Amino acid sequence: MSPQEQHHPGEGPGDGTLAVRAGLPEPVKYEPTLPGPVFAAHFHLPGEPTGPYTYGRDENPTWTHLERAIGTLEAPGEATVETVVFASGMAAISAVLLSQLSAGDAVVLPTDGYQALPLLHEQLRAYGIEVRTAPTGGDAQLDVLDGAKLLWIETPSNPGLDVCDIRRLVDAAHAGGALVAVDNTLATPLGQRPLELGADFSVASDTKGMTGHGDILLGHVSCRDPRRAAEVRRWRKIVGAIPGPMEAWLAHRSLATLQLRIDRQCATALELARVLADHPDVTGLRHPGLPGDPSHEVAARQMRRFGSVISFELADRARAERFLDELRLVDDATSFGGVRSSAERRGRWGGDAVAEGFIRFSVGAEDPEDLIADVLRALDAARKAG
Ligand SMILES: *Cc1c(COP(=O)(O)O)cnc(C)c1O
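The model shown is predicted, which means the values in this text are computed figures rather than measured ones.

(A) Main features of the overall build of the protein chain. On a plain count of helices and strands, the protein chain comes out with eleven helices and twelve strands. For 386 residues, the compact-globule estimate of 2.2 N^0.38 gives 21 Å, and the protein chain sits close to it at 21 Å. The principal-axis extent of the C-alpha atoms belonging to the protein chain is close to 75 × 55 × 40 Å. Counting across all 386 residues of the protein chain, residues that qualify as buried make up 55%. Expressed as a percentage of contacts within the protein chain between residues at least 6 apart in sequence, the contacts between residues at least 24 apart total 69%. When the accessible area of the protein chain is evaluated, it comes to approximately 16700 Å², of which 53% is carbon and sulfur surface. For the protein chain, the distance from the average position of its 38 positive side-chain charges to the average position of its 53 negative side-chain charges is 2 Å.

So, in structure tokens, the structure goes:
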């Protein structure tokens, strides 16, 4: 356990305690602890149409519980932080960009961020918004901030696992009058809390580690400024990118085990990275938790856990494909952050600037010794077959 992970009494509840209780309503006799999903397109509403619950696209009590839960994890002890849940991570990302930017504004995005961001570039440009990009590593986005309305950060970046200094970028952006949003998907709020580091928006695809079972798509936006939160909420209402009540309820249920899952997955990821660091077939190994990784120094300052994803290169495309074929405990699948380990040859999608033998590996909740043995066996078999 790294020093950051230890819970010190007197600092408020620890992550596990927060996670199991997050967002639960006050106990009501004969009611369940976590009320079930509320399936409603509309609510009984005689007289003046005032909230909280009027029509199913605007608000839903199952979302309310989940939004409170996520808010508790994003900013423990800050009751005024607002969270808005969405049907997917991309819905949440688009909601921030499209509710905050208008024609004539400039936005700074990462060159090495999530693979659907370039699709958004096209759309933003079509709306008359200037799109500037720079890499995550080395805080290179600082160089193109001048006069921008919004800075979009993704750290650790996906899939390259570069890390930037959130606080440093936030200070520079705010000094120039720009807002800052952080895509916190890879870290989850247990890995880092962007709002505490000064960001205006913490955004995530909860499809990944937050819900962790690979069975739902979901996203969220958390922010402190109630006016900005209202703009994001308004965007959800206009576009209708709302989560189903069942998905929202499943997500809330999954949050109870967030600390257990993330601690296990992050610890095993670091263990696997250490083993691979000494392996002759592996090059370009990246994990922010590895001392010596280019991301480690900044990550150790701003992250509380280093994430469950590692990346590395094998000799070529054929070797990488054989390695994936040979794995028995690891699904050959995209996405990450789930309880079942998965890995993929990232180059098969195109779009990411990665080598043909580049593997993104998401570490699940299996026993570390079983997983590591499986990986080492698959590496061996892939070499022998070659
Ligand atoms: C997956 C992912 C997204 C998109 O989320 P969806 O839930 O698939 O819409 C955005 N950002 C990052 C970093 C992601 O990994």
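(B) Local environment of the sheet that holds strand β11 (residues 342–345). The strand order β8-β9-β12-β11-β10 describes an open sheet built from five strands, whose pairing is mixed. Edge positions in the sheet fall to β8 (283–286) and β10 (331–332), since each of these pairs with one other strand and no more. As paired elements, strand β9 (residues 309–313) and strand β12 (residues 358–362) share five bridges and run antiparallel to each other. Residue Glu 313 lies in a different strand from β12, and its bridge partner there is Phe 358.

(C) Region of the structure containing the site of the ligand. In the vicinity of the ligand there are 14 residues, among which Met 90, Asp 183, Ser 205, Thr 207 and Lys 208 approach most closely. Within the side chain of Lys 208, an N or O atom sits 2.6 Å from an oxygen atom of the ligand. Contact with the protein chains covers 94% of the free accessible surface of the ligand, which is 380 Å². Considering each element in turn, the shell around the ligand owes the most residues, three residues, to helix α3 (residues 89–100).

(D) Broad picture of the pairing of strand β6 (residues 201–205). Taken across its five residues, β6 has five buried, putting it largely inside the fold. Of the two faces of β6, the one lined by Phe 201, Val 203 and Ser 205 and the one lined by Ser 202 and Ala 204 are each fully buried. Relative to strand β7 (residues 219–223), β6 runs antiparallel, the two being bridged by five bridges. Bridge assignment links Val 203 to a residue of β7, and that residue is Val 221.

(E) Structural detail: the nonpolar core. Grouped together as the largest cluster of nonpolar side chains are 28 residues, with contacts concentrated most on Phe 86, Leu 97, Val 107, Leu 124, Trp 152, Phe 201 and Val 203. Of the residues forming this core, the biggest block, seven residues, is contributed by α3. When neighbours within four sequence positions are excluded, Val 203 is seen to be in contact with Ala 92, Ile 93, Val 96, Trp 152, Ala 181, Val 182, Asp 183, Asn 184, Thr 185, His 220 and Val 221. Leu 272, Ala 343, Leu 371 and Ala 382 belong to the second largest nonpolar core, which has 26 residues in total.

(F) Just the layout of surface pockets, in detail. Here the largest pocket is characterised by a volume of approximately 460 Å³. For the largest pocket, the lining is made up of 26 residues, of which Asp 112, Pro 159, Asp 352, Ala 353 and Val 354 are closest to its centre. Of all the elements in the fold, those that place two or more residues in the lining of the largest pocket are α4 (117–126), β8 and β9. Top contributing element to the lining of the largest pocket by residue count: α4, with three residues.

(G) Fine view of helix α5 (residues 166–175). Every buried residue of α5 is listed here: Ile 166, Leu 169, Val 170 and Ala 173. One face of α5 carries all of its buried residues, which in axial projection span an arc of 100 degrees. Buried residues along α5 sit in contact with β4 (150–154), β5 (179–183) and α9 (296–302). Between a side-chain oxygen at the N-terminus of α5 and the backbone nitrogen of Arg 167 the separation is 3.3 Å; the capping residue is Asp 165. Where α5 terminates, the next one or two residues include Gly 177, which has phi positive at roughly 85 degrees.

(H) Local environment of the packing of helix α2 (residues 61–74) against helix α7 (residues 245–255). At their nearest, the axes of α2 and α7 sit 9 Å apart, and the two run at 35 degrees to each other. Between α2 and α7 lies a crossing of left-handed hand. Contacts between α2 and α7 involve Thr 62, Trp 63, His 65, Leu 66, Ala 69, Ile 70 and Leu 73 from the first element and Pro 245, Ala 248, Trp 249, Ala 251, His 252 and Leu 255 from the second.

(I) Local environment of empty space enclosed by the protein. Counted under the stated rule, the structure contains one cavity of 30 Å³ or more. In this structure, the largest cavity occupies an estimated 70 Å³ of space. Looking at the largest cavity, it is lined by 13 residues, and the ones nearest its centre are Leu 186, Thr 188, Ile 262, Gly 307 and Ser 308. Class assignment of the residues belonging to the lining of the largest cavity gives a composition of five nonpolar, six polar and two charged.

Thresholds applied
- Residues numbered from 1 in each chain as written.
- Predicted model: local features only at pLDDT ≥ 70, side-chain atom pairs only at ≥ 80, totals over all residues.
- Heavy atoms only, no water.
- Helix = DSSP H or I, 4+ residues; strand = E, 2+ residues; numbered from the N terminus.
- Rg over C-alpha atoms; globule rule 2.2 N^0.38 Å.
- Buried < 20%, exposed > 50% of the residue type's maximum accessible area, 1.4 Å probe, protein only.
- Contact = heavy atoms within 4.5 Å.
- Areas by Shrake-Rupley, 256 points an atom, 1.4 Å probe, with all protein chains shown as cover.
- Lys, Arg positive; Asp, Glu negative; His and termini not counted.
- Charge placed at Lys NZ, Arg CZ, Asp CG, Glu CD.
- Pairing = 2+ DSSP bridges.
- Near = heavy atom within 4 Å.
- Polar contact = N/O pair within 3.5 Å; in protein donor to acceptor, adjacent residues only side chain to side chain.
- Core = buried A, V, L, I, M, F, W, Y, C linked by side-chain atoms within 4.5 Å.
- 1 Å grid on protein atoms, 1.4 Å probe; cavity = no way out; pocket = protein on both sides within 12 Å on 5 of 7 lines; lining within 4 Å.
- Points joined across faces, edges and corners; volume = space filled by probe spheres on them.
- Arc of directions from axis to C-beta.
- Axes fitted to C-alpha atoms, helices over the stretch in contact; angles between N-to-C directions.
- Left-handed = near helix turned anticlockwise from the far one by under 90°.
- Nonpolar A, V, L, I, M, F, W, Y, C, P; charged D, E, K, R; others polar.

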